Structures are given as structure tokens and as C-alpha cells.
Amino acid sequence: MAANTGHTSGSAEATTARPPMVSLNAINKHFGENHVLKDISLDVAPREVVVVVGPSGSGKSTLCRAINRLETIDSGDIKVDGVSLPKEGVALAELRADVGMVFQSFNLFAHRTVLDNVTLAPMKVRKMKKSVAEAEGMALLERVGIGAKAHQYPAELSGGQQQRAAIARALAMAPKVMLFDEPTSALDPEMVSEVLDVMVSLATEGMTMIVVTHEMGFARRAADRVVFMDGGQIVEQNTPADFFDNPQTDRARSFLASVLPH
């Protein structure tokens, strides 16, 4: 945890200074008869990194996708930087521009170069000049370590490079918060660390992040808080040290026993 001690103290200061960057209040969501989110409430402070863990089917990805209304909710309220999520239209598009999203599958436009993928939204949504968007896009690609790939197409990149391009694309909108929905689960094992390293650097720079992941090492290394979900509910949440070394519930203990090396 030494890597993010300064980051944690920054988030504590931010918590007292301003309201949550993301606030979920009594969120419920059904898929037919399946009650996938059960009265979920969660506040994420500015600059805080919250890592959401739990077994498959526990509602983690649905929760992540609800925060920018890729999934609608049945009841409850979600606020980003104090503003309730609009249901549709221009206001929703504007709010989504403030919420970067990185998916399990990279979702890059195959027929556009990597740089074009990064600059498209700032030019269309933020009305940024092409020259400015390209200069900022190149800086972001350098930041995630793939500046040399700017003029190649996604199919010419490895999975890890494509995911780093997807992170640069999300950052190009200067979002207030970044959502990561299992960003490494589609990658070969040797490519996982290159993506996680970029995410750790974002965390230490103070980006507000909500990360759904199976990577327990990342959770221990970069999180300010670990949220453990099971059966559509938040069962337990704590600092990484306390969650991993001293879980409070039997369910968390059995989960950790199944996923941590013995």
C-alpha cells in the first residue's frame, strides 16, 4: 500500500471539502424476476479509488453500468458531481461526457486509427479543434505508453495496447470520474500488468475511479476502499489492508479463500 499513501490522504481531505463525486442512493434493478441490485447505497469521494469485487453474478458490472445509465435502474437516485442522472437526451449525453468508461471489450472503432479513436469524441462532443484534439490525443497516447501506435488501426495492436488506447480515449474527454468494468478480463495474462500499471498511475494522480475487477493485487495496491458485493448487495467495505487481512463477514472470508493464492 505504500504506493498510494499520499493518494489516500488526498481523498480524505477532498471528502471534507466537497460533496461526493458519485452518490448512489437506494438503487434497485431487476432483470425480469432476477433482483440484481438490492437497495444499493454508496458514496465515492473526489479523488477516491473504489474497487468493487465479488463473485460472478453479484451485480458488480450492472452497478458500474448504471452509473452512466448504460443500464437503467428501477428505483433510487444516482448523482455525479451533485447532479442527478438525466433519463435521456442532451443532458444525459453531457453527463456521460463527464463519466469515462472502459469496458471489458475494448470497443474501439476498427476502421479508424488509434489517434482518430481518441480525438473523435472531443471534437464531436466538446467541439474541440482538430489540431488541439490531436495534440492532446498524442499526449494521452504517450502517457499510456503507445504513442508510437497512434497511426495504426486497432487490429494491429495487442489486446493490452488496445485497452490502453481505450483508456486514452476515455481520458480525452477530461472526465470527472472513470469507470472500469473488468478492464483486464479479456486480456492474456502477460498483458494484464501493462493495463493495471496505467490504472495505478491514474489513481496516484488523483483520478476518481470506480473499478470492477477480479485483480486482487490491483485492489490491494491502488484502492482507497474495497467494496465486496454478493447477491446484488454490498456485503462489506473497508480499506484494502483491513478487507484482505481481516474480513468481517463469513461470505467475504470464503470469497477471499477461493481467489487468493494459498
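Looking at an unreviewed UniProt entry, the chain carries the name ABC-type polar-amino-acid transporter, with the source organism given as Glaciibacter psychrotolerans. Looking at the chain in UniProt, the text filed under Subcellular location (unreviewed entry) is "Cell membrane". Under the UniProt heading Catalytic activity (unreviewed entry), the entry covering the chain gives this text: "a polar amino acid(out) + ATP + H2O = a polar amino acid(in) + ADP + phosphate + H(+)".

Engineer: Could you give an account of unusual backbone geometry, with specific residues and numbers?
Structural biologist: Backbone geometry at A26 places phi at a positive 55°, although glycine is not the residue there. Within the fold, A26 resides in strand β1 (residues 22–31). According to the relative accessible area criterion, A26 is partly exposed, its value standing at 25%. In this structure, E182 is a non-glycine residue whose phi angle is positive, near 50°. Residue placement: E182 occurs in the loop between β7 (177–181) and α7 (189–204).

Engineer: Any chance you could break down the pairing of strand β10 (residues 233–238) for me, citing the residues and the numbers?
Structural biologist: Sheet topology note: the strand β9 (residues 225–230)/β10 ladder contains 5 bridges and is antiparallel. Following the sheet pairing, V226 is matched in β10 by N238. Between β9 and β10, which pair antiparallel and follow one another directly, the connecting turn spans 2 residues, one of which, G231, has a positive phi of 60°.

Engineer: Which residues make up the pairing of β9, and what are the values?
Structural biologist: Across the 6 residues that make up β9, a large majority, 5, are buried. Judged from the 4 bridges that link them, strand β3 (residues 49–53) and β9 form a sheet pairing that is parallel. Residue V51 lies in a different strand from β9, and its bridge partner there is V226.

Rules of the game
Residues numbered from 1 in each chain as written. Predicted model: local features only at pLDDT ≥ 70, side-chain atom pairs only at ≥ 80, totals over all residues. Heavy atoms only, no water. UniProt positions renumbered as here; feature names shortened; annotations may be inferred. Helix = DSSP H or I, 4+ residues; strand = E, 2+ residues; numbered from the N terminus. Buried < 20%, exposed > 50% of the residue type's maximum accessible area, 1.4 Å probe, protein only. Pairing = 2+ DSSP bridges.

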